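These are the residues of each chain, in order.
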Amino acid sequence: MNRNAFLASLIVSGLSLQASIVQAKVPEAKAAELGGATYTCLGAEKAGTPGGVPAYSGKWTDNWPGVKKSNSYEPGPYADEKPLFTITAQNADQYAANLTAGQKALLKKYPQTFKMNVYASHRDFGYGEGVCETAKKNATTAEVIHEGKGITGTTGSIPFPFPQSGIEAMWNVVNSIRPWTETAVCDIADVYADGNIAWGRAKFMTMNIGNQPGKPKSFQEKVNAYFYQGFQLPERQKGFVAVGYQPNDFSADATQSWQYQPGIRRVRQAPEVGFDYPVPPAGLRTVDDDYGFNGSPERYTWKLVGKKEFYVPYNNFKINDPSVKYADLVKPNTINGDYVRYELHRVWVIEGTLKQGVRHIYSKRELYADEDTWLVNWADAYDSRGQLWRANYVTFHYSPEAKTYHRGVSVYHDLTSGVYEAGYLVNERGKDWWKINVPLTPAQFSPDAAARGGH
């Protein structure tokens, strides 16, 4: 099957989750094209575009020239570049075809403060151990099961390099190429419309057990990832610790959490913490807003709109620089745009519409997932009336430790109230800066660990 015929088959299939999910596996001949002249090993197009998306080089798989250390901040290989141009409220119409609805809304709402510095685009980073081999294996074996609530296949890479539906695309998002473990003490800034800032701080850990280099597992094993969040600020939440795990198959399990509550000095299993559960300290984002989207896709009907070119946050090293102080970075209305790097990239556009009879505060979601990693660079969310409500983005940078992109500052804008949250801030954390792929164990995410962390 040639490329045009394959793309045509996707269009005919409707690219959406139907009531009964029956997906055709990718033919062996198509899977053999992964990592060849046309496609990367994850199915992204290697060729560039006339609009400015570069060809994929993948020339660096860990370090790049000039790296001095891999376990702390590095300025990255593009530190000397200057913006090609800046998108503002005044010239937004000129670039409208490559802007998300949320970007347009932010430019309109904050004409004096929100801007997008656009730099040369780069696709220079390859993939770590086992990622390509696993993706090729999954291409011919992975399937969506249990009415979209689970999948088969092997962890350590995406399950569907050539997605044929919205639900397959979402399982790529949920299993995008991420670090095995993360540990940091992160600051959280909740910035209100009057410019006042409420600060939070939490010890944060995750372990995506299927991403451990050299140790792939089955997607049908119970646990996908563990999490730990122990609050040090604000004072009213000091000592509160939440631990738990996210399953692989949501037909048999749900996201589980145990919480140490300092007021009663006891650990209790939490009620449902998935979907639109509000995340402390201020509840300005939902649990499934993390990483652009996180957790079970079951409450939405997902449509794979297709691949388009957008200006998205990309190669954002500078925003994590310890020399950048919060007073310079965290500003009224939005993060200081001088520290956010945008590039033109092809992204998969995925739309989720809330199913009838289920609950969520978002009636619709629009996700923009990088074709090279399936990480969501930008996400727009709509309220129950169908009005654009929240515009969220993640500033990813390449991590030599992880041999993949790692999240940095994540920004969640409430377009109605004018409030925003900037999370995963580590600039002023010193030795508490990110530690990536340092071995952790499930015991560090247990109810006992929550009790120890809360005292």
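Residues numbered from 1 in each chain as written. Predicted model: local features only at pLDDT ≥ 70, side-chain atom pairs only at ≥ 80, totals over all residues. Heavy atoms only, no water.

The predicted model of the chain averages 93 in pLDDT, with 95% of residues at 70 or higher. In this model, residues 1-22 is a region of pLDDT below 50 whose contacts with residues beyond four sequence positions or in other chains number 35 contacts. (pLDDT = per-residue confidence, 0-100. Contact = heavy atoms within 4.5 Å.)

Here we come to the pattern of salt bridges. Between side chains of opposite charge, a pair can form as their charged atoms come close. This structure, assessed with the given rule, holds 26 salt bridges. Residues Glu 421 and Arg 285 are paired through a salt bridge, measuring 3.5 Å at the closest nitrogen-oxygen approach. With Glu 421 in strand 17 (residues 420-425) and Arg 285 in the loop between strand 10 (266-269) and strand 11 (300-313), this residue pair connects regions lying 136 residues apart in the sequence. Arg 285 shares its class with Glu 421; the two are buried. (Salt bridge = Lys/Arg side-chain N within 4 Å of Asp/Glu carboxyl O. Helix = DSSP H or I, 4+ residues; strand = E, 2+ residues; numbered from the N terminus. Buried < 20%, exposed > 50% of the residue type's maximum accessible area, 1.4 Å probe, protein only.)

With 61 residues, the main nonpolar core has Val 330, Ile 335 and Trp 434 as its most contacted residues. The dominant element in this core, judged by the number of residues it contributes, is strand 15 (residues 388-399), at five residues. Grouped together as the second largest cluster of nonpolar side chains are 34 residues, Cys 41, Val 174, Trp 302 and Val 376 included. (Core = buried A, V, L, I, M, F, W, Y, C linked by side-chain atoms within 4.5 Å.)

A few words on the pairing of strand 9 (residues 256-261). Sheet analysis places strand 8 (residues 241-247) next to strand 9, joined by five bridges and oriented antiparallel. When the bridges of strand 9 are listed, Val 241 appears paired with Tyr 260. Pairing of strand 9 with strand 10, which is carried by four bridges, proceeds in the antiparallel orientation. Bridge pairing in strand 10 links Gln 259 to Arg 268. Turn length for the strand 9-strand 10 hairpin, with the two strands adjacent in sequence and antiparallel, is four residues, and the turn residue Arg 265 shows positive phi of about 50°. (Pairing = 2+ DSSP bridges.)

With that settled, the discussion passes to the state of the cysteines. Under the defined criterion, the tally for this structure stands at one disulfide. Put simply, Cys 41 and Cys 132 are joined by a disulfide, and their sulfur atoms are 2.2 Å apart. Here Cys 41 and Cys 132 share a disulfide; its torsion about the S-S bond, -55°, makes the bridge left-handed. Of this pair, Cys 41 sits in the loop between helix 2 (28-31) and strand 1 (85-87) while Cys 132 sits in helix 4 (residues 131-141); the two residues are 91 residues apart in sequence, bridging distant segments of the chain. On the basis of relative accessibility, which here comes to 28%, the residue Cys 132 falls in the partly exposed class. (Disulfide = S-S within 2.5 Å.)

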